[in-house]
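Spelled out, the chains give:
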Amino acid sequence: MNFYPDIVNKVEQKSEESVLQIKELSAVFPNGNGGLQALDKVSFSVSPQEFICVLGPSGSGKSTLLRILAGLLNPTDGKVIYQGADICGPRRDIGFVFQKANLMPWRTVLQNILLPLELENIPALEADRLAREMVKLVGLCGFEDTLPRDLSGGMAQRVAIGRALVHDPHLLLLDEPFGALDALTRERMGTELLRIWQVRRKTVVMVTHSISEALFLADRVLVLTPRPGSVRLDFSVDLHRPRNDEIRYTREFNDMTRVLRNAIG
Ligand code: ADP
């Protein structure tokens, strides 16, 4: 396949620079019929503070990959090395945001964001300070005492992002966090996420269906093949930062959109 070789840049990273290394990862789900292979030898590395987006057709194993990175699922083969050690279970220093905010309906915005700190027995005063700081960062000042039922979808996702970041994980995993939002809110949330990332500078791996979201946010975009997913394209997004909405209307952005669209097939 011809992927406009002038702007496609295969990124080969040295392992010593990587915070996260994914090595020959395969995942097979038992289905009583020889097994369903979701991932096939997926390999890539992530540098500290890098923002990676994973694109691919539906069913290509994107969520499976993310769940393995989070330690929520064991791979059938291969391994994930995070900060020099194998991931073999959920970890405190990894934050996860799902497509649905999954807030506790009886807890207010502040109380939802406080949850990870309570689970870690952080002293109440310090926890309160950290949670209020996070409420501010995700743009929810004034809504501290609001219950989830009174929040819009975008606001609920802001709480979910705040909850994932409040205990200061180094790695943030996002699985289609804005997938359930309308197009305009989704775009705004992308801009917000970028703002938050610029303040907190986490290493991020995010699954999305949206090419423009991936290009707007990421340093690199990985495109998976149809199932079983493997890395078809490792694409370096050479757009200057900080980025603002205007970048979506530039020629480079359009050219890159076409490359990724072709790669998804
Ligand atoms: P994507 O996120 O790219 O849409 P998924 O990772 O959700 O893809 O799923 C990849 C494939 O694995 C799909 O065919 C899906 O049906 C299958 N799959 C995912 N989770 C399970 C599971 N727990 N048990 C069996 N099959 C699964």
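Our structure's up above, just so we're on the same page.
Counting restarts for each chain: residues are numbered from 1 in the order of the written sequence. Given that the model is predicted, a residue must reach a pLDDT of at least 70 before its local features are reported, and side-chain atom pairs must reach 80 or more before they are shown or counted; all residues, however, enter totals for whole chains, interfaces and linings. Side-chain metrics in this entry use all non-hydrogen atoms of the structure; hydrogen atoms and water are not considered.

A look at the overall build of the protein
For the protein, the count of helices and strands is seven helices and 10 strands. In terms of overall size, the protein behaves like a compact globule, its C-alpha atoms giving a radius of gyration of 19 Å where 265 residues would be expected to give roughly 18 Å. By principal-axis analysis of the C-alpha atoms, the protein measures approximately 55 × 45 × 35 Å. With a 1.4 Å probe rolled over the protein chains alone, any residue whose accessible area is under 20% of its type maximum counts as buried; one over 50% counts as exposed, and the rest are partly exposed. Here the protein holds 265 residues, and 52% of them are scored as buried. Note on contacts: a residue pair is in contact if any heavy atoms of the two residues lie within 4.5 Å. Of all intrachain contacts in the protein linking residues separated by at least 6 positions in sequence, the fraction that spans at least 24 positions is 71%. For the protein, the exposed surface amounts to about 12600 Å²; the carbon and sulfur share of it is 50%. For helices the rule is a DSSP run of H or I covering at least 4 residues; for strands it is a run of E covering at least 2, with both sets numbered from the N terminus onward. Restricting the calculation to C-alpha atoms gives the radius of gyration, and the globule rule supplies 2.2 Å times the number of residues raised to the power 0.38. Computed with a 1.4 Å probe, the accessible areas rest on the Shrake-Rupley method; for each residue, only the protein chains presented here act as cover.

A short note on helix H5 (residues 183–200)
The span one expects for a helix is its residue count, reduced by one, times 1.5 Å. Taking 1.5 Å of rise per residue, the 18 residues of H5 would be expected to cover 26 Å, and the 25 Å separating its terminal C-alpha atoms lies within 8% of that figure. Restricting attention to buried positions, one finds in H5 the residues Arg186, Met189, Gly190, Glu192, Leu193, Leu194, Ile196 and Trp197. Any N or O atom pair separated by 3.5 Å or less is treated as a polar contact, with the protein-specific requirement of one donor-capable and one acceptor-capable atom, and with residues adjacent in sequence counted only for side-chain atom pairs. Put simply, aspartate 182 is the residue that caps the front of H5, since its side-chain oxygen is 3.2 Å from the backbone nitrogen of leucine 184.

Regarding the sheet that holds strand S9 (residues 220–224)
Judged by pairing direction, the sheet is mixed, and its six strands sit side by side in the order S6-S7-S8-S3-S9-S10 without closing on themselves. The sheet terminates laterally at strand S6 (94–97) and strand S10 (231–236), the two strands that pair on one side only. Averaged over all neighbouring strand pairs, the angle between strand axes comes to 15°, with direction disregarded. Bridge count between strand S3 (residues 51–55) and strand S8 (residues 203–207): four bridges; the pairing is parallel. Bridge pairing in S8 places cysteine 53 opposite methionine 206. For every element, the axis is a line fit to its C-alpha atoms; helices are fit only across the contacting stretch, and the angle between N-to-C directions ranges from 0 to 180 degrees. In the packing of helix H1 (residues 62–69) onto the sheet, the strands contacted are S3, S6, strand S7 (171–175), S8 and S9, and the crossing angle to S7 comes to about 155°. Along the sheet, helix H4 (residues 153–165) contacts S6 and S7; its crossing angle with S6, the most-contacted strand, is approximately 165°. In this description, strands pair whenever DSSP reports at least two bridges between them.

Some points on the site of the ligand
Definition of nearness: a residue and a molecule or strand are near each other if at least one heavy atom of the residue lies within 4 Å of the molecule or strand. Close to the ligand lie 13 residues, the nearest being Gly59, Gly61, Lys62, Ser63 and Thr64. With respect to the ligand, the backbone of glycine 61 contributes an N or O atom lying 3.0 Å from an oxygen atom. With the chains in place, 63% of the 560 Å² that the ligand exposes on its own is no longer accessible. Contributing elements (two or more residues each) for the shell around the ligand: strand S2 (36–46) and H1.

Take it as geometry only, folks, not as evidence of what the structure does.
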